[in-house]
Structures are given as structure tokens and as C-alpha cells.
Amino acid sequence: MRQSSTLDRRLFIKAASRFIGATAAAGGLLSLGPSMPWARSQPKAPTPEPLIQPPEMHSVNGVLDTTIAAAPGPVQLGDRTFTGLLYNGAYVPPTLRARLGDTLRITFRNNLASGLDRPGYMGPICAGAGTASNLHFHGMSVSPQGNSDNVFVHVQPGEAFQYQVRIPAYGRQGPGLFWYHPHAHGFVNDQILGGMSGALVVDGIDQVFPRLRGLPERFFLIKHAKFGDESEVVSINGQINPAVAIRSGEMQFWRIAHIGASDFYKFRIEGMPLYVVATDGHALSQPRKITEFFIGPGERIDAIAIGPPAGEYPMRTISFQNEAWRPPEPVRQLAVIQSSGSSQSAAIEDDILRLRVNGPQWIDDVRTAPIARRRTLSYSRTNDRKTFMIDGRVVDEARTDQTVKLGDTEEWTVVNTDQQYHSFHIHQTPFLVTEVAGVPWHDDSLRDTFSVPPATDQGPGVLKVVIPFTDPTIVGRFVYHCHAVDHEDKGMMGVIEVVA
Ligand SMILES: [Cu+2]
């Protein structure tokens, strides 16, 4: 990056305000107010700003002890400003990092009703201000009970709740990329759209793939914001079309997470493949080269990137048909990869493709387990698209829809009668995808969220998964749902209880 010191300073302060958040930005040293005119007079087609990495909070002596407060606050995304709903004042809140055996001790404060009359909030205030909220630890095989990963806890505005989530030292939970977001039924979409979501990492994936040790780590946290005029802004780490620097032949460890509310994206980097090592925090047996991704809300991909020959490589979405009654999804540029230098990458690719996972994998047990029971879930909606259902009914958190015996492995078939994508997500345990749209699916890693294809004129879209309910940690009541969370809010969720 060749920039004047003024520009460096502008970028630094802009970045700092993004993460330090509302308190500092509103009145502190890092004011973005009119007294600093350069903050408002950026060039129209600026040089992409370098990709900024989210801040991090690490566990200390086995405990990640912190407070996460949700409150309205100002957001700037490119030239759009609005009042979002933020964790600790930041559109991209800290990545929580812990290790197997650690405890997350998090005080969650719901301040979503506070300060709404404060002058200086920019633009429209997101719907969802003043609503109940809570914290969910997406993808984690931890207890759903008490003050652990319990989505039935609803923390009202003005109240606080202390979570204590024990990450087992041994067993099913492994190292990987997860995320945290609100899960108070009815308000999830507005809150995630407002900005409430962040990454959660269980460190140690370098023990599964030692080659990852020491590689520069880059997070790509995808979010989208929607505006009253139906327009939408898709950001990575809260930046619009950032520049990702890599040297030719350099290996980097990329951690891509869709932590937005409801969009499905198909995307690729023109001329640059990636080598996937994990999906949804679950390692593959060996890296898989891909040139295109389909990623729905909640899904994650960990991959090795190799710096291509010098040049610029745009990361863009690919147009595809989601909702049958609307135009195809538009093409959007998400980022640009800027490679420099002249090293060769072919030998490195061979090296990566020869890597093999270290140690036994849970997926092998899942593949060979006898199926104790088969269930079918039917996804549907009303014609006015105001009500979304599973098996003809909307969720009732007081009702238990499925009771499962601990130790059983089951096959679930999700039948989508709707002409748009939905997804299947279940809390506390991943699953093996075995069939998509009538075609056998040979997955090499477990998932916790997977897109359910839309119905066509030929019939419903069908997803088959095998779910291991074999981890004693997950005994209790929890939920499964579509992770396009506007659908979940409108009813597309069910309650499951795993009984010992
Ligand atoms: Cu859905």
C-alpha cells in the first residue's frame, strides 16, 4: 500500500471508530464529527481500503470473562450511515477466542432501548430497538441448559444475564470457526441486520492441520444491511470492497463466515481457487480445491489461499435464482485480492493437496452408525409470505416437537415445498449431508447449517442429513430452524429434546 500519511491516518481513524465503537466515536478522541472535515469528504471512487481484521478477545487462564452489551449506535458502511444495533458499540464486534476446556463467562446486557433519544444518531434506526435479546453460540457442541447456550432465555431491555458456557476439553467439540448472535425468537432478523453478530473461534486447528501453524490468518466476516428503499449493502469486516494483500506464492489461512441475517450468496474469486480445510468448524480429511462457493446465512469455510501471480483478482457474487418470483440475485463485488511479487504457486498447490488430517474424525463414526430413526420435516409458507412453517405449524417454544434418545443417530429429510432457498440448522450438534435435490452428496466434513434447495415444477427441494445425537454434553431442549432468520422469526423453527 502506497499512501500519504494523511490517508494512512484517515484509514486508521476510520478503522478505529469501526471497532472502538459508539462511545468513542460519539464524543471521544476519535470523533468522526464535522470538526474533522476529511471524515466526510472522501473521494467517490476511492482506492479500496486495506482489509482490516476484527479485534479479538482471548481467554485467560481458561476463562474468557467479558461483557457484551447490545445497544443502538451509529454505523457507517461506505457512504451509507444508519443507526444499527451493535455489540459493544461496534458493527464488527470482537472475535471471541478460546480453547478446548475453557469457559466463556459472558455478561450480556440488553441496552437495546437505551439512548434512542440521544442526538447525533445517523439516519434511520433499525427495527428491533427496544426488543428482547440473548446470546447463542452457533455451532458449538455445548450444553443447551441453564445459563449455557440456552436460547429460551430472553433478556429484556434494561436487563442483564450471565452466561457460563463450558467448552468440553475432550469429546465432540473440536477447534474451529463458530459465531455468536442473538436468538430471541421474533427479533433475530432485525437484530442481526442491525449488526449483532461476531466470530467465535476455538483455537487449535493447527493441531488438526499442522501446516496451518504460523500462516497469516485473515477473517472475512460477511454481513448485509438492508435499507428502507429495498437497497442492500454487503460488507466484509464492515468494509465495502476492501483490498486483500497477498504475495505471489504466499500461503494465508482464510476464515470466511456468513454472519449476516438472510441472504444466500454464490461467489468466486476470478482466477484464484481456495483450498478448503474445514466447513462450519469441522475439518475435511484433506484440503479440497474449489473455485466457487455457495454460502447461506450461518455457514463458514476455513481455507488455505495461495498468492496468485501478481495482479488484481475480484471476489464477486455470481447471479443465481433464489426466490422464483423475483429477479435473480445481482452480481456484487465483495473484495479485491491484490497479489504482488513473482514466486511460483504450482508446487505449493501440490504440497497443500497432499495434506491429510491428523487424528481420527467424528465423521467416520457418523457415516457408519446405524440409523435409529427416520424423520421428515416439511417446510412451507403462506401465500402472503408472512408465516413460515415446519410441518404445517409455527414454532411454540413451550412445545417440544421432536424427542430423541441420547446415543441415537437419526436420518432427517427436509422437504422444501417453497420456491426459494431455505436452510437447515440444528443447535448443539453438526450433521452429515447425504443427499441434495435427489442426488447423493458425498461430503468430507460435517456441517451445522446447510441450504435446502427450492421446490421446482418437478417437485419439492429435498435435503437429507444424518444427525448424531451421541454427545452427552447436548442433553436438553434446543431448536432447529431455517437460518434465513426472517423465516425463523416468522415461525420456521422447531423444538427438540435430547433425553438421556
Ligand atoms: Cu428459510
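Note that the structure is a prediction, hence the values are computed from the model and not measured.

When its secondary structure is counted, the protein shows seven helices and 31 strands. A separation threshold of at least 6 residues defines the contact pool for the protein, and within that pool the share at least 24 residues apart is 77%.

What follows deals with the confidence of the model for the protein. For the protein, mean pLDDT is 89; residues scoring 70 or higher make up 88% of the total. Below a pLDDT of 50 lies the segment residues 1-43, which in the model reaches 41 contacts outside its immediate sequence neighbourhood of four places, other chains included.

Next up on the list: the sheet that holds strand S3 (residues 80-87). One open sheet accounts for four strands, arranged S3-S2-S5-S7; its pairing is mixed. Looking at the sheet topology across the chains shown, the edges are occupied by S3 and strand S7 (160-166). Between one strand and the next, the sheet's axes are offset by a mean angle of 25°, whatever the strand orientation. Here strand S5 (residues 103-110) pairs with S7 via seven bridges, running antiparallel. Bridge pairing links Arg109 to Ala160 in S7.

With that out of the way, let us pick up the sheet that holds strand S18 (residues 300-306). Ordered by their spatial adjacency, six strands build an open sheet running S11-S10-S13-S18-S15-S16, and the pairing between neighbours is mixed. Two strands bound the open sheet, and with one partner strand each, they are strand S11 (232-236) and strand S16 (282-290). Across this sheet, the average inter-strand angle for adjacent strands is 25°, counted without regard to direction. Bridging between strand S15 (residues 274-279) and S16 involves five bridges; their strand directions are antiparallel. Within S16, the position partnered with Val276 by the bridge is Arg288.

Let us look at the pairing of S18. Burial analysis of S18 places seven of its seven residues in the buried class, which makes it a mostly covered element. Note: strand S13 (residues 251-258) against S18, seven bridges, orientation antiparallel. For Arg255, the partnering residue across the bridge sits in S18 and is Asp302. Two elements, S15 and S18, share four bridges in a ladder whose sense is antiparallel. Following the sheet pairing, Thr279 is matched in S18 by Ile301.

The subject of this paragraph is the pairing of strand S20 (residues 333-340). Alignment of strand S12 (residues 243-247) against S20, held across five bridges, turns out to be parallel. Note that in S20 the partner of Val244 across the bridge is Ile337. Of the strand pairs in this sheet, strand S19 (residues 311-317) and S20 are connected by six bridges, and their pairing is antiparallel. Directly across from Gly311, in S20, lies its bridge partner Ser339.

Moving on, we come to the nonpolar core. Ranked by internal contacts, the top residues of the largest apolar core, which has 122 residues, are Ala199, Leu221, Val277, Ala303 and Ile304. Dropping the residues within four chain positions of it, Leu221 is found in contact with Pro54, Val92, Ala199, Ile236, Asn237, Ala257 and Ile259.

The phi dihedral of Asn237 falls on the positive side, at around 50°, and the residue is not glycine. For Asn237, a count of 22 C-beta atoms within 10 Å corresponds to the buried category. One non-glycine residue, Asn241, adopts positive backbone phi at about 45°. Inspection of the secondary structure assignment puts Asn241 in the loop between S11 and S12. Classification of Asn241 by C-beta neighbours within 10 Å gives buried; the count is 20.

The residue Ser148 is located in the loop between strand S6 (136-138) and S7 in this model. The buried category is assigned to Ser148, around which 20 C-beta atoms lie within 10 Å. Spatially, the C-alpha atoms of Ser148 and Leu135 are 9.5 Å apart, while their sequence positions differ by 13 residues. Setting aside anything within four residues of it in sequence, one finds Ser148 in contact with Val142, Ser143, Gln164, Val165 and Arg166.

Cut-offs applied
- Residues numbered from 1 in each chain as written.
- Predicted model: local features only at pLDDT ≥ 70, side-chain atom pairs only at ≥ 80, totals over all residues.
- Helix = DSSP H or I, 4+ residues; strand = E, 2+ residues; numbered from the N terminus.
- Contact = placed C-beta atoms within 7 Å.
- pLDDT = per-residue confidence, 0-100.
- Pairing = 2+ DSSP bridges.
- Axes fitted to C-alpha atoms, helices over the stretch in contact; angles between N-to-C directions.
- Buried ≥ 20, exposed ≤ 12 C-beta atoms within 10 Å, placed from the backbone.
- Core = buried A, V, L, I, M, F, W, Y, C linked by C-beta atoms within 7 Å.

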